[in-house]
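# Coordinate analysis (summary)
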Amino acid sequence: MKKFIYLLALVVLLSSCSQYQKALNSDDVALKFEQATLKYDAKKYTKAIRIFEQIAPSYKGKPQAEKLFYMFSTSYYSTKQYYLAAYQFESFASSYPKSEKREEAAFLGAKCFSKLSPVYSLDQTDTNKALDKLQNFIDLYPESQYLPEANSIVNDLKNKLEKKSYEVAKQYKSITDYKASIAAFENFLSDFPGTPLKEDALFYKFDASYNLAINSVPQKKEERLNNAKAAYMSLIKFKADSKYKLKADQMFTQIEKDLQQFSK
């Protein structure tokens, strides 16, 4: 009995493969559509894509086009071909504004760009593009069922940009480009006012200001010492019991001592 079931399954499998191969090489677009749909329903997306790519141009404007292009888009997404999926989903949402799948397509199209967002240390062009796309979706569908996920993705992307900005500022300091580091930390604090890294950023900005000041040429030293003093005050104002207070106080004492020479 088991042998019979195995042979039957094998016959069905071979028949299925034969029908797929026949459709792949056929000029019959209806046959191709049928086989592509069968492969899509079976979650064999790569095989479905091969046929969708063949027949998509022929189905534009036809009644079955909406179903085809939805399956086509989802197949790209399911195989992690996010650039192609994003294009197809956006095209679907634009071409079928009354479709019940439009909201889902608009969300997945935007989500594709978040999938393309690289690690924080790399160029963040795709991250910014993803944020723009997701914000457009949120604005268009403020009551969407996908809104919680969209907001969660937005938060993750913003956290990535925040970390990128913070690490760039620290990197400038590590290579002793103190002016660039100060400017970068100022931008970071301006762009991310609610960041949990604010205490760290304020200290590192002070540290960069301090090092710039004590290594300055005489004609610029007083101004830079006062800038460093102001940076210290910003840190202490934000958190009087900062974890950096001991070191910061020692640096501040040196600043006050160096400033005395200019008051004489």
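All values derive from a computational prediction rather than experimental measurement.

## Focus on the overall build of the chain
Along the backbone of the chain there are 12 helices and 0 strands. N-terminal to C-terminal, the α/β element order of the chain is α-α-α-α-α-α-α-α-α-α-α-α. Scaling as 2.2 N^0.38, a compact globule of 264 residues should have a C-alpha radius of gyration of about 18 Å, whereas the chain reaches 30 Å, well beyond that. Dimensions of the chain, computed from C-alpha atoms along their principal axes, come out at roughly 100 × 45 × 30 Å. The burial tally for the chain puts 44% of its 264 residues in the buried class.

## Regarding the pattern of salt bridges
Tallied over the full model, the rule gives 9 salt bridges. Across the pair K221 and D258 runs a salt bridge whose closest N-O atoms are separated by 3.9 Å. Placement of K221 in helix 11 (residues 218-238) and of D258 in helix 12 (residues 245-263) is noted, with a sequence separation of 37 residues between them. Residue K221 is classed as buried on the basis of its relative accessible area of 16%.

## A closer look at the packing of aromatic side chains
Summed over all chains, the structure comprises 21 aromatic pairs. Each member of the aromatic cluster is reached from another via a ring pair, and the members are Y166, F185, F188, F192, F203, Y204 and Y244. Note that K47 overlies the ring of Y20, its terminal NZ or CZ placed 5.3 Å from the centroid. Sitting over the ring of Y59, K62 keeps its end group 5.2 Å from the ring centre.

## Describing the nonpolar core
Grouped together as the largest cluster of nonpolar side chains are 75 residues, with contacts concentrated most on L68, F69, F107, L134, F203 and F206. Other than its neighbours up to four places away in sequence, F203 contacts L235, Y244, K247, A248 and M251.

## Comments concerning the packing of helix 5 (residues 82-95) against helix 6 (residues 102-116)
For any two helices packed against each other, one specifies the inter-axial angle together with the distance between the axes. Axis separation between helix 5 and helix 6 bottoms out at 8 Å; the angle between their running directions is 155°. When the interaxial angle is binned, helix 5 and helix 6 end up roughly antiparallel. Considering how the two elements wind past one another, helix 5 and helix 6 form a crossing that is left-handed. Facing Y82, Y83, A85, A86, F89, E90, F92 and A93 of helix 5, the residues of helix 6 in contact are R102, A105, A106, L108, G109, C112, F113, K115 and L116. Residues of the contact of helix 5 with helix 6, tallied by class, amount to 13 nonpolar, 1 polar and 3 charged.

## Digging into a nonpolar patch on the surface
A contiguous nonpolar patch, built from V168, Y172 and I175 and spanning about 240 Å² of accessible area, is present on the exposed surface. Within the secondary structure, Y172 sits in helix 8 (residues 147-174). Assessed through its relative accessible area of 32%, Y172 is described here as partly exposed.

## Quick look at helix 6
End to end, helix 6 covers 22 Å across 15 residues, agreeing with the expected 21 Å (1.5 Å per residue, within 8%). Of all 15 residues in helix 6, 11 are buried; the element is thus mostly enclosed. Along helix 6, the residues that are buried comprise E104, A105, F107, L108, G109, A110, K111, C112, F113, S114 and L116. Looking at the buried residues of helix 6, the elements they touch are helix 4 (65-78), helix 5, helix 7 (125-140) and helix 8.

## Considering the confidence of the model for the chain
Here the chain averages 92 in pLDDT, while 93% of its residues score no lower than 70. Every residue in residues 6-14 is under pLDDT 50, and counting partners more than four places away or in other chains gives 0 contacts.

So, how was this worked out
- Residues numbered from 1 in each chain as written.
- Predicted model: local features only at pLDDT ≥ 70, side-chain atom pairs only at ≥ 80, totals over all residues.
- Heavy atoms only, no water.
- Helix = DSSP H or I, 4+ residues; strand = E, 2+ residues; numbered from the N terminus.
- Rg over C-alpha atoms; globule rule 2.2 N^0.38 Å.
- Buried < 20%, exposed > 50% of the residue type's maximum accessible area, 1.4 Å probe, protein only.
- Salt bridge = Lys/Arg side-chain N within 4 Å of Asp/Glu carboxyl O.
- Phe/Tyr/Trp six-rings, centres within 6.5 Å; stacked < 30°, edge-to-face > 60°.
- Lys NZ or Arg CZ within 6 Å of the ring centre and 35° of its normal.
- Core = buried A, V, L, I, M, F, W, Y, C linked by side-chain atoms within 4.5 Å.
- Contact = heavy atoms within 4.5 Å.
- Axes fitted to C-alpha atoms, helices over the stretch in contact; angles between N-to-C directions.
- Parallel < 35°, antiparallel > 145°, perpendicular 65-115°, else oblique.
- Left-handed = near helix turned anticlockwise from the far one by under 90°.
- Nonpolar A, V, L, I, M, F, W, Y, C, P; charged D, E, K, R; others polar.
- Patch = residues over 30% accessible without salt bridge, like charges linked within 9 Å, V, L, I, M, F, W, Y side chains within 5 Å.
- Areas by Shrake-Rupley, 256 points an atom, 1.4 Å probe, with all protein chains shown as cover.
- Expected span 1.5 Å × (residues − 1).
- pLDDT = per-residue confidence, 0-100.

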